[in-house]
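Coordinate analysis (summary)
Listed below, chain by chain, are the residues.
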Amino acid sequence: DDDIFSSAFCENSEKLINVHLFALAAKYYSLSSLGVCTPLEDVLEALKGDSGGATGIKPDEFMNYKKSHEVQVMSELVDSIAKYCGIKQVIDIGSGKGYLSSFLSMQYNLKVYGIDSSSSNTNGAHERNKKLRKHWRAYQSRGRKTLKSQSLEKTNDRPVESGINCKTIDEELLSNASSLQNQDQVIIQGSVPSYGSTKMATPETNTETEAGLVAGTQSHETKLSEEVLAVLNILPADAVEDFASSHCNCRELCEEEKAQRKMTSLKTKARKSSESNLYFPLTSCITAETELNDIITDLEDCMLVGLHTCGDLAANTLRIFTAKPEIKAVCSVGCCYHLLSEQFESQEECHNQVWGFPMCQYLKDKGWCCGRNARMSACLALERVAVGQMLPTESLFYRAVLQVIIEEIYGVTKSDRHVGKTFSKSSSFIDYVRRSLKKLELDDSKLPDSCIMDYYEKYKHRMNELEAFNMLKVVLAPCIEVLILLDRLCYLKEQENIAWSGLVKLFDPVKSPRCYAVIALKNQSC
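What comes next concerns the included structure. No experiment lies behind these values; they were computed from the predicted model shown.

**A closer look at unusual backbone geometry**
Residues Phe357 and Pro358 are joined by a peptide bond in cis, for which omega reads -5 degrees. Position of Pro358 relative to the elements: it lies in the loop between strand S5 (327-335) and helix H15 (361-366). Located in the positive-phi region is Cys336, a residue other than glycine, with phi close to 50 degrees. Structurally, Cys336 is set in the loop between S5 and H15.

**Remarks on the pattern of salt bridges**
One pass over the structure, following the stated rule, counts 15 salt bridges. A salt bridge links Asp444 to Lys438, with the shortest nitrogen-to-oxygen separation between them at 3.3 Å. You can call Lys438 exposed: its relative accessible area is 53%. Via salt bridges that share partners, Arg434, Lys438, Asp444 and Asp449 belong to a single interconnected network.

**Topic: the environment of Val510**
Mapped onto the fold, Val510 is located in the loop between strand S6 (498-505) and strand S7 (516-522). Each C-alpha atom, one on Val510 and one on Glu383, is 5.6 Å from the other, the two residues being 127 residues apart in sequence. Other than its neighbours up to four places away in sequence, Val510 contacts Glu383, Arg384, Val387 and Gln389.

**Looking at helix H18 (residues 393-410)**
For H18, spanning 18 residues, the distance from its first C-alpha to its last is 25 Å, which sits close to the expected 26 Å at 1.5 Å a residue. Among the residues making up H18, those that are buried are Thr393, Ser395, Phe397, Tyr398, Val401, Leu402, Ile405, Ile406 and Tyr410. Packed against the buried residues of H18 are helix H19 (429-439), helix H20 (449-459) and helix H21 (463-493). Of the residues flanking the end of H18, it is Gly411, one or two places downstream, whose phi is positive at about 65 degrees.

**Topic: the state of the cysteines**
The bond known as a disulfide is covalent and runs between the sulfur atoms of two cysteines. Under the defined criterion, the tally for this structure stands at zero disulfides. With no disulfide of its own, Cys369 has Cys370 as its nearest cysteine by sulfur position, at a separation of 6.7 Å. Its relative accessible area of 32% is what places Cys369 among the partly exposed residues. Of the cysteine sulfurs around Cys515, a residue in no disulfide, the closest is that of Cys37, at 8.3 Å.

**Examining the sheet that holds S7**
Pairing is mixed in the open sheet, where seven strands are placed in the order S3-S2-S1-S4-S5-S7-S6. Every other strand in the sheet has two partners, leaving strand S3 (279-283) and S6 as the edge strands with one partner each. Within the sheet, the average angular offset between the axes of one strand and its neighbour, ignoring direction, is 15 degrees. In this structure, strand S2 (residues 111-116) lies alongside S3, joined through five bridges in parallel fashion. Pairing of Ile115 across the sheet is with Leu282, part of S3. With respect to the sheet, helix H6 (residues 99-108) is in contact with strand S1 (89-93), S2, S3 and strand S4 (302-310), its orientation differing from that of S2 by roughly 170 degrees. This element, helix H14 (residues 312-323), spans S1, S4, S5, S6 and S7 of the sheet and lies at about 170 degrees to S5.

**Structural notes on the environment of Gly306**
Assignment of secondary structure puts Gly306 in strand S4. In sequence terms Gly306 and Ile93 are 213 residues apart; their C-alpha atoms lie 5.1 Å from each other. Apart from residues no more than four positions distant in its own chain, Gly306 is found in contact with Met74, Asp92, Ile93, Cys331, Ser332 and Val333.

**Things to note about the pairing of S2**
Where a strand is regular, its side chains alternate between the two sheet faces. Among the six residues in S2, five count as buried, and that is most of the element. In terms of strand pairing, S1 meets S2 through five bridges, oriented parallel. Across the sheet, residue Asp92 finds its bridge partner in S2, namely Gly114. Taken together, S1, H6 and S2 form a β-α-β motif whose crossover is right-handed.

**Remarks on the environment of Asn464**
As for its placement among the helices and strands, Asn464 is situated in helix H21. As a C-alpha pair, Asn464 and Phe397 span 67 residues in sequence and 9.6 Å in three-dimensional space.

**Describing H20**
Along an α-helix, a turn takes 3.6 residues, which lines up residues three or four apart on a common side. Cys451, Ile452, Tyr455, Tyr456 and Tyr459 are the residues of H20 that are buried. Down the axis, H20 shows its buried residues gathered within 145 degrees of arc, on one side only. Check the buried side of H20 and you find it contacts H18, H19 and H21.

**A closer look at the side chain of Arg434**
Looking at where Arg434 falls in the secondary structure, it is placed in helix H19. Excluding its chain neighbours within four sequence positions, the residues that come into contact with Arg434 are Asp444, Leu447, Pro448, Asp449 and Ile452.

Thresholds applied
- The residue numbers shown here count from 1 along each chain, following its written sequence.
- The predicted origin of the model limits local features to residues at a pLDDT of at least 70 and limits the giving and counting of side-chain atom pairs to 80 or more, whereas totals for whole chains, interfaces and linings rest on all residues.
- In computing side-chain properties, one takes all heavy atoms of the structure into account and sets aside hydrogens as well as water.
- Each helix corresponds to a stretch of at least 4 residues labelled H or I by DSSP, and each strand to a stretch of at least 2 residues labelled E; elements are numbered beginning at the N terminus.
- Think of a salt bridge as a Lys or Arg side-chain nitrogen and an Asp or Glu carboxyl oxygen that are within 4 Å of each other.
- When accessible area is computed with a 1.4 Å probe and restricted to protein chains, residues below 20% of their type maximum are described as buried, those above 50% as exposed, and intermediate ones as partly exposed.
- Any two residues having at least one pair of non-hydrogen atoms within 4.5 Å are treated as being in contact.
- Any helix carries an expected span of 1.5 Å times its number of residues minus one.
- We call a pair of cysteine sulfur atoms a disulfide whenever their separation is within 2.5 Å.
- Strand pairing requires that DSSP identify at least two bridges connecting the strands.
- Note on method: axes are straight lines fitted to C-alpha atoms, helices fitted across the in-contact stretch only, with angles between N-to-C directions ranging 0 to 180 degrees.
- Note on handedness: a crossover is taken as right-handed if, strands pointing away from the viewer, the path from the first strand over the helix to the second is clockwise.
- Directions drawn from the helix axis to the C-beta atoms are what define this arc.

So this is what it looks like as structure tokens:
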């Protein structure tokens, strides 16, 4: 308990005296130990009753390993939520290069608006998306055999439904969570709310989807089973059409088949103006006060998503979700905690400022403040260090000695400029210091090489000390992340229009350290 863990520090000096106990305390207060997360498998099962609905087409070939993992896992969840809520429009906040947006559009046929504040990102995403669509047929074709084998396996081996035992969040810790107790709005205890007369957009019930399927697969030469065709239905109509036409010899078709194909082609072309590009990259800076109607003219019932939304953008995504009735669900994975604005970090009062932390009323009443150093620590990756991906000790040492030089030689204690990734471009410590001084616009001519090396020699024996200090920060990182994530979850619990909300571990933390998603669904009446 707290009394035991407090003995890790000296009562008089408050110095750390028991590292082992400190590490145990940090582990105890991590998300994995607190038991407040809902397993991803349980969420998927509650949403669609079948967690194995993934297709055989994977994004590995057009994304790096990390991004492919993130996009594949998150897109399946987003599609499940969208189907469950009966919506087809998705707004990707902080969409960046459009990896998630384009995959949701092409793989799941969702209409996606990707909004990013950087015009270079959105322009790049647009060009990349155009190229990707041209190659999508090849990816789909390569996955065709896998899809067929999966469908045959499903026929022979139907999974047996099992009950879900979702962990509910401690009511005392997360105040104002009465929405979780309303069993009329919840499928099962601790799981996802029911949306009544299901607006599920399944291949069997969605007439528009069936029409798109017929338009793309008229040729009998494809000889695919009905189940495989249903899976292929996730692709846009034009992609399926290209696939079918590439395997047909039109000269061998009878007149009736030719006429039928011609009619299908005309119908497909008529729909291309609205369906040929289901992903729309937009440039806009999103704040808590942003009116989405001003950005998206055809805004309808939709859901918000964000894959590694930076700093305050993650908090603002949740605020927009709670404020706008059109937004029925949200799935947000935040990052860059060090860039969060804190209400109680500065002594200056800014009454009109919307802060990134804290969000919930409980921490606001406590006047809670993390501070930049703590938030920087929250960005560290304990799981990666645990498997041998050690911290860059030498570059951290270079940076620490540089700061001493800047303070003692130039009298600078604060600067708006950044050194950036100078270490990777430097051939030695001297080269590193001179490159850094130029970036900081400081005159390096007054600093001879011998003086620079004197500083290096003076502190090099403390490199192990610096490494130990940073390892303690890594151990503490999950505890600080817990505070930030629970603050966001508590904020959602305080809202009256939320039917269900939870924290879900989406990604492998070794592949993607910022792996937790904040997910929420609104009441059906909202």
